[in-house]
Number of protein chains: 2
Amino acid sequence: MVDNSPKNERNSMPYALEQLDTPFVAVDVDIVEDNLRRMQQQAEAAGLKLRPHTKTHKQPGLAQRQVELGAHGITVAKLDEAEVMLKAGLTDILIAYPLVGRAKAHRLALLMTRGLEPTISLDSLEALKTVALAGQLAGRSVNVLAEVDTGFHRCGLNGSALVELALTIHGTPGVRFGGLMSFAGHISGHRDVDRITRLIDEEDGMMHDLVRQITAHHVPVDDVSVGGTILSHHLQRLRTATEVRPGIYIFNDMGIVTAHAATIDQCAARVWATIVSQPEAHRLVLDSGSKMLSTDGPIDGCYGHIVEHPDWRIVRLSEEHAVVELPPNAAPAAIGSLVSIIPNHICTVMNLQNTVTAVRQGSVVASWPIMARGGTQ
Amino acid sequence: MVDNSPKNERNSMPYALEQLDTPFVAVDVDIVEDNLRRMQQQAEAAGLKLRPHTKTHKQPGLAQRQVELGAHGITVAKLDEAEVMLKAGLTDILIAYPLVGRAKAHRLALLMTRGLEPTISLDSLEALKTVALAGQLAGRSVNVLAEVDTGFHRCGLNGSALVELALTIHGTPGVRFGGLMSFAGHISGHRDVDRITRLIDEEDGMMHDLVRQITAHHVPVDDVSVGGTILSHHLQRLRTATEVRPGIYIFNDMGIVTAHAATIDQCAARVWATIVSQPEAHRLVLDSGSKMLSTDGPIDGCYGHIVEHPDWRIVRLSEEHAVVELPPNAAPAAIGSLVSIIPNHICTVMNLQNTVTAVRQGSVVASWPIMARGGTQ
């Protein structure tokens, strides 16, 4: 069972969610546990290693639970996150981010001397030099994945440039060529499942071709790591991947629901907010602004989904205000009453919190600190 | 001079900004000091009290400097912020937010017993009840401003509903009617100064009419408090206000520059980032994503202004990546080199940081903790 609580923060007397001051994030621990188990089972059924991206929750206790349930290591974006996870005893960490420069090399080397067994993805010679320097400083080689751009057009190479990078990594002392990594961020934002699965198949085909081209040079490609919760809803389609790195699946959010990769009931994290003003019959204000919800999205013009009132629309955020439009036939709202919001993008919401409230069946069971919050370096 | 450093964090040996790991926020202390002094002088020249909104910086040391320079108290949005500021000895605090519910009443009362001298703005009977309860619990009356909607359509009333609210506040035991408050957020986003000043004049006219209507009931209106850095660039136009509450002016940002209320040189806070990838000649990636810059904006399709390369465009943010488009004729970029970014909206950027780096003439002088970061309750 999920237990992410510092021992001294457990409550002996559970109390109702509605007694808490607002706004706050509540995480339903039973839904989290279900989400973790379901994805683990799906990965195993598809013969894939699961390496969850922990940037979503930034909590070592939840990462430990993911590993307990069968995850093959974890993923982070930044060294700050790796440091927090390593302190909690997690050593097998993919840093899915190009590390560049001496400061990063020295930090990575230091973490390796403390027990980190890193894999690093990269797409340039400068990042390769950085990682090789870290390996040299730490006295052992670093596992490196070549990052593939499969259509998101952020980082990554493709075609002959990618093959050349892979061969260069393979020939570089102090590093070990471990395979390929991609993140198909371009499948986010689509609602049409046929479109989504077509993009997934395209990525799979690209990875298949690249593996063929690289192995033709007698360079083995041990791992092909692909990312994302939406993609991970379609694991049975993957022919080439060996590993998947979903992050959001632990909580889910409206971005995932919109892509038909989770249901509202599978969303484990909600922002609870109070109606603090209703200047007009069809406009009210919640006390959860962009400093709670972030301005990510909007989805269908809304900055989150109000569970109790699906027809209310969060149309505008200030830092501490959410402006909500009510439909013409809406029942009167009560200033002072609470609503709960499923965010558009839970990763940025978690990063805004100092702590989140763990609940079970509507009762508060713990306060969880977001240990790697603000860890952007 | 601005000095916001915990005593044990001062550096005896200043070192160059470029030696720091990225991404980070650097604040130029000389520009901050200039910004604070200039606004203070402008407010005094216009015969207005300055009550800076500290949600922008969330740092008690900077709030203390604002008061040292002549500010008549400070503004916060949330009780969390008031608590942090009160601990640092700041007692005259406008909480420019409708407090609703027993939890808020009890918290406000507790802060009052610790020395808080609060003013609260509100727009409903529910919030009035909350504040009156706090006053009753604390054993003294609370100063209350009626919030006016002057066109932003967030919180606030206008016309006869506002006058009625003012009279009700005046007649409520445990509170004192202190006057009117507005925030003309609808002047943000405009570039045309004539349009901006017309909206400011309209607000001023509304406030003038409301004061006339309320005083006709023999109810004095001591204060008329108006908000915002853009408005505060035009203080000489205000006939009715007694107090202004700019927040962003301490740092400025691209939202303020776009409204011609500050220059690039008056922007005191920048996000420093490293070029970590350049997959194509005209696309590169910085290590400052939405967890550093927030997704506020975009302004002209960009998520911040790159000082060293004004023609580079930050067109897309992931959590830890900024995707930059280079113009067709751009000189080659060097992976590993640094750039500095003026954010679109500095308030949300500050709230994302654990600490910011204070610099003077390019040398690091201190690390400042963002004490009220994440304080949304």
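Here the structure is a predicted model, which means the values were calculated and not measured. (Residues numbered from 1 in each chain as written. Chains lettered and ligands numbered in written order. Predicted model: local features only at pLDDT ≥ 70, side-chain atom pairs only at ≥ 80, totals over all residues. Heavy atoms only, no water.)

## What to know about the pattern of salt bridges
Enumeration according to the criterion identifies 46 salt bridges over all chains in this entry. For B:Arg283, the salt bridge is made with A:Asp149, and the minimal N-O distance between the two is 3.7 Å. Note that B:Arg283 is positioned in strand S12 (residues 283-286) and A:Asp149 in the loop between strand S7 (142-148) and helix H6 (159-170), a pairing that runs across two chains. Judged by its relative accessible area of 8%, B:Arg283 is buried. Residue B:Arg360 is joined to B:Asp30 by a salt bridge in which the shortest nitrogen-to-oxygen separation is 3.2 Å. Taken as a pair, B:Arg360 in strand S17 (residues 355-360) and B:Asp30 in helix H1 (residues 29-45) lie far apart in primary sequence, 330 residues in all. The class for B:Arg360 is partly exposed, based on a relative accessible area of 29%. What makes B:Asp30 partly exposed here is its relative accessible area of 26%. A single salt-bridge network, built from bridges that share partners, covers A:Asp21, B:Asp80, B:Glu83, B:Lys104, B:Arg107 and B:Arg114. (Salt bridge = Lys/Arg side-chain N within 4 Å of Asp/Glu carboxyl O. Helix = DSSP H or I, 4+ residues; strand = E, 2+ residues; numbered from the N terminus. Buried < 20%, exposed > 50% of the residue type's maximum accessible area, 1.4 Å probe, protein only.)

## Topic: the side chain of B:Gln353
Residues and elements named next belong to chain B. Along the chain, Gln353 falls in the loop between helix H10 (346-352) and S17. Residue Gln353 is classed as buried on the basis of its relative accessible area, which comes to 5%. Polar side-chain contacts of Gln353 include one of 3.0 Å to the backbone oxygen of Val349. (Polar contact = N/O pair within 3.5 Å; in protein donor to acceptor, adjacent residues only side chain to side chain.)

## Notes on the packing of helix H6 (residues 159-170) of chain B against helix H7 (residues 193-215) of chain B
Helix-helix packing is characterised by the crossing angle of the two axes and by the distance between the axes. Residues and elements named next belong to chain B. One way to put it is that H6 packs onto H7 with a least axis distance of 10 Å and a crossing angle of 50 degrees. Considering the angle they form, H6 stands oblique to H7. The two elements H6 and H7 cross, and the hand of that crossing is right-handed. Residues Gly159, Leu162, Val163 and Ala166 of H6 pack against Leu210, Gln213 and Ile214 of H7. Taken together, the residues of the contact of H6 with H7 break down into five nonpolar, two polar and no charged. (Axes fitted to C-alpha atoms, helices over the stretch in contact; angles between N-to-C directions. Parallel < 35°, antiparallel > 145°, perpendicular 65-115°, else oblique. Left-handed = near helix turned anticlockwise from the far one by under 90°. Contact = heavy atoms within 4.5 Å. Nonpolar A, V, L, I, M, F, W, Y, C, P; charged D, E, K, R; others polar.)

## Comments concerning the relation of the copies chain B and chain A
Aligned on chain A, chain B shows an RMSD of 0.0 Å; the corresponding rotation is 180 degrees and the shift along the axis is 0.0 Å. In the structure described here, the two chain copies are related by an operation that fits a two-fold rotation axis. Taking C-alpha positions as the reference, the residue of chain B nearest the rotation axis is B:Thr295, at 2.9 Å. The share of interface residues of chain B whose copies in chain A are also at the interface is 100%, consistent with both copies meeting through the same surface. (Least-squares fit on C-alpha atoms with pLDDT ≥ 70 in both.)

## Examining the sheet that holds strand S6 (residues 117-122) of chain B
Across the sheet, which stays open at both edges, the eight strands sit in the order S3-S10-S9-S8-S7-S6-S5-S4 (chain B) with parallel pairing between neighbours. Single-partner strands in this sheet number two, and they are strand S3 (49-50) and strand S4 (74-76) of chain B. (Pairing = 2+ DSSP bridges.)

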